[in-house]
Amino acid sequence: MSCIMIINGPNLNLLGKREPEIYGTTTLAEIEQACQEIADKNQVTLEFLQSNHEGVIIDWIHEARDRCDALLINPGAFTHTSVAIRDALSAFNGPKVECHLSNVHAREEFRHHSYISPVVDSIIIGAGWRGYTMGLNYLMDSLADAK
Ligand code: DQA
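Residues numbered from 1 in each chain as written. Predicted model: local features only at pLDDT ≥ 70, side-chain atom pairs only at ≥ 80, totals over all residues. Heavy atoms only, no water.

Listed under "active site" (unreviewed entry) in the UniProt record, and renumbered for this structure, are Tyr23 and His100. For the residues just named, distributed over 78 residues, the greatest C-alpha separation is only 9.3 Å, placing them together at one site. On the secondary structure map, Tyr23 appears in helix α1 (residues 20–23). Under the relative-accessibility criterion, Tyr23 is labelled buried at 11%. What Tyr23 contacts, discounting residues up to four positions off in sequence, is Leu15, Arg18, Leu101, Ser102, Arg107 and Arg111. Considering the arrangement of structural elements, one finds His100 in strand β4 (residues 96–100). (UniProt positions renumbered as here; feature names shortened; annotations may be inferred. Helix = DSSP H or I, 4+ residues; strand = E, 2+ residues; numbered from the N terminus. Buried < 20%, exposed > 50% of the residue type's maximum accessible area, 1.4 Å probe, protein only. Contact = heavy atoms within 4.5 Å.)

To continue, consider the side chain of Ser114. Assignment of secondary structure puts Ser114 in the loop between β4 and β5 (122–125). Separated by 2.9 Å, the side chain of Ser114 and the backbone nitrogen of Ile116 make a polar contact. A distance of 3.0 Å separates a polar side-chain atom of Ser114 from the backbone nitrogen of Ser117. If we ignore the near neighbours within four places in the chain, the residues touching Ser114 are Thr79 and Glu98. (Polar contact = N/O pair within 3.5 Å; in protein donor to acceptor, adjacent residues only side chain to side chain.)

Core analysis: the largest hydrophobic core is formed by 24 residues, its most contacted members being Ile4, Ile31, Cys35, Leu46, Phe48 and Tyr132. Only β1 (3–8), α2 (28–41), β2 (45–50), β3 (70–74), β4 and α5 (130–146) provide two or more residues apiece to this core. Leaving out residues up to four positions away in the same chain, Ile4 has contacts with Val44, Thr45, Leu46, Glu47, Cys68, Ala70, Leu136, Leu139, Met140 and Leu143. Met5, Ile61, Ala88 and Phe92 belong to the second-largest nonpolar core, a separate cluster that totals 20 residues. (Core = buried A, V, L, I, M, F, W, Y, C linked by side-chain atoms within 4.5 Å.)

In structure tokens:
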């Protein structure tokens, strides 16, 4: 059975309550449920994680090297600051997706640059919570293609 890890960075635990005009009203638990249903239908093991701490996220990416076949990450604000998360992702060999709920390019200038984008296979931006299910489907297709 394939394993796909979904990692959420800082402040995403507040989804649904946090700036709903930007991020929508869907909670992280609801996104997890939508992803879990897709994973169950496709007999994929899902690890759905959230942390506000950069080092914890880096540790999870390292763990994914042994345990998981593909990875989706919404690094939150660390997207725009973290060389360390980028380096950890570079060392993960499976297919990788960067996902953002909001269209970061239509927002403040400091959100236009991502340290993460050059080291992932696909970037999904501005599709709201559906970006997660789109990314998950892409990763499952990539794993199937590689078999
Ligand atoms: C975000 C965009 C980031 O710029 C922001 O810091 C977030 C959420 C998104 O999903 O749209 O926390 O990653």
